[in-house]
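# Descriptive structure summary
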Amino acid sequence: MNAHTTSEPSEAYIALGANLGDREHTLLEAIGRLDAHPDIQVLRCSDLYETEPVGYVDQPSFINMAIAVKTTLSPQELLRCMLHIEQELGRVRSIRWGPRTVDLDLLFVEGVTLQTPELELPHPRMEERAFVLIPLADILIENDLSGLTDIVQSAMRKLDGKDGIQRWKTCSWRSASAPSGS
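Since this is a predicted model, take the numbers as computed values, not measurements. (Residues numbered from 1 in each chain as written. Predicted model: local features only at pLDDT ≥ 70, side-chain atom pairs only at ≥ 80, totals over all residues. Heavy atoms only, no water.)

Before going further, it helps to spend a moment on the overall build of the protein chain. The helix and strand tally for the protein chain stands at 4 helices and 8 strands. For the protein chain, the α and β elements follow one another from N to C terminus as β-α-β-β-β-α-β-β-β-α-α-β. Within the protein chain, the proportion of its 182 residues that are buried is 46%. In the protein chain, of all internal contacts separated by at least 6 residues, the share reaching a separation of at least 24 is 73%. For the protein chain, the computed accessible surface area is about 9,700 Å², with 47% contributed by carbon and sulfur atoms. (Helix = DSSP H or I, 4+ residues; strand = E, 2+ residues; numbered from the N terminus. Buried < 20%, exposed > 50% of the residue type's maximum accessible area, 1.4 Å probe, protein only. Contact = heavy atoms within 4.5 Å. Areas by Shrake-Rupley, 256 points an atom, 1.4 Å probe, with all protein chains shown as cover.)

So, on to helix H4 (residues 148–158). Within the sequence span of H4, burial applies to Leu148, Thr149, Val152 and Ala155. Looking straight down H4, one finds its buried side chains confined to an arc of 140 degrees; they lie on one side. Opposite the buried face of H4, by more than 90 degrees, sit the exposed residues Asp150, Arg157 and Lys158. Of the surrounding elements, those touching the buried residues of H4 are strand E1 (10–18), strand E5 (103–109) and helix H3 (130–139). (Arc of directions from axis to C-beta.)

Here we come to the nonpolar core. Judged by nonpolar contacts, the single largest core of 33 residues is most densely connected at Ile14, Leu16, Leu34, Ile67 and Leu106. Taken together, the elements giving at least two residues each to this core come down to E1, helix H1 (23–36), strand E2 (40–45), strand E4 (62–71), helix H2 (75–88) and E5. (Core = buried A, V, L, I, M, F, W, Y, C linked by side-chain atoms within 4.5 Å.)

In this structure, the amide linkage connecting Leu121 to the following residue, Pro122, adopts the cis form with an omega of -10 degrees. Here Pro122 shows up in the loop between strand E7 (120–121) and H3.

Another point: the pairing of E1. Summarising burial for E1: 9 of the 9 residues are buried, a large majority. Neither face of E1 is open: one carries Ser10, Ala12, Ile14, Leu16 and Ala18, the other Glu11, Tyr13, Ala15 and Gly17, and all of them are buried. Summarising the sheet, E1 and E4 pair through 9 bridges and their orientation is antiparallel. Counted as the bridge partner of Leu16 is Met65 from E4. (Pairing = 2+ DSSP bridges.)

Under the defined criterion, the tally for this structure stands at 0 disulfides. Left unpaired, Cys171 is separated from the closest cysteine sulfur, that of Cys45, by 4.0 Å. Its relative accessible area of 7% is what places Cys171 among the buried residues. (Disulfide = S-S within 2.5 Å.)

Turning next to the environment of Tyr13. Note that Tyr13 resides in strand E1. Residues Tyr13 and Ile67, 54 residues apart in the sequence, show an inter-C-alpha distance of 5.8 Å. In contact with Tyr13, other than residues within four places in its own chain, are Arg44, Ile67, Ala68, Asp105, Leu106, Leu107, Phe108, Leu136, Ile139, Leu140 and Leu148. Separated by 2.5 Å, the side chains of Tyr13 and Glu11 make a polar contact. (Polar contact = N/O pair within 3.5 Å; in protein donor to acceptor, adjacent residues only side chain to side chain.)

The next subject is the packing of H1 against H2. One way to put it is that H1 packs onto H2 with a least axis distance of 10 Å and a crossing angle of 135 degrees. Judged by the inter-axis angle, H1 sits oblique to H2. H1 and H2 meet at a crossing whose hand is right-handed. For the pair formed by H1 and H2, the contact residues are Ala30, Arg33 and Leu34 on the first element and Cys81, Met82, Ile85 and Glu88 on the second. Residue composition of the contact of H1 with H2, grouped by class: 5 nonpolar, no polar and 2 charged. (Axes fitted to C-alpha atoms, helices over the stretch in contact; angles between N-to-C directions. Parallel < 35°, antiparallel > 145°, perpendicular 65-115°, else oblique. Left-handed = near helix turned anticlockwise from the far one by under 90°. Nonpolar A, V, L, I, M, F, W, Y, C, P; charged D, E, K, R; others polar.)

Structure representation (structure tokens):
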């Protein structure tokens, strides 16, 4: 196990999804709350994608996206923050893979491999899900030294298809701390 234990910032990747209420507003609100945390800075946002439900299919379509953040939090602290934001935004866990106001999944933290009952990194199912991989590919950077680009590209080549996912719109979120015009 390689756990993040220093105060050096790490880049982390989070998948977001919603299929109840004002899906776009809720996702943008979750991003804003993450960025407002003193130890988290949102770096990049993917486009928003409308996707068919997976697993439990008797529910509305999802809007999915991914973000890259810089954080000094440990993966466990970041996960606790994400779960708190889900709860604040009305997330109720009643049906596995069921409808939700918001879902935040920690996918990858640079330099961290972790397996605990609460958290596994990299996320164990991210390579199987087009609704995670396609938004994640939007925010990867050139010269990625973490290995995530290789993981995503390899997984996307193995996908049977990208049925059930389509670009819905460009992300309109901007950090309140970003200089105007950026």
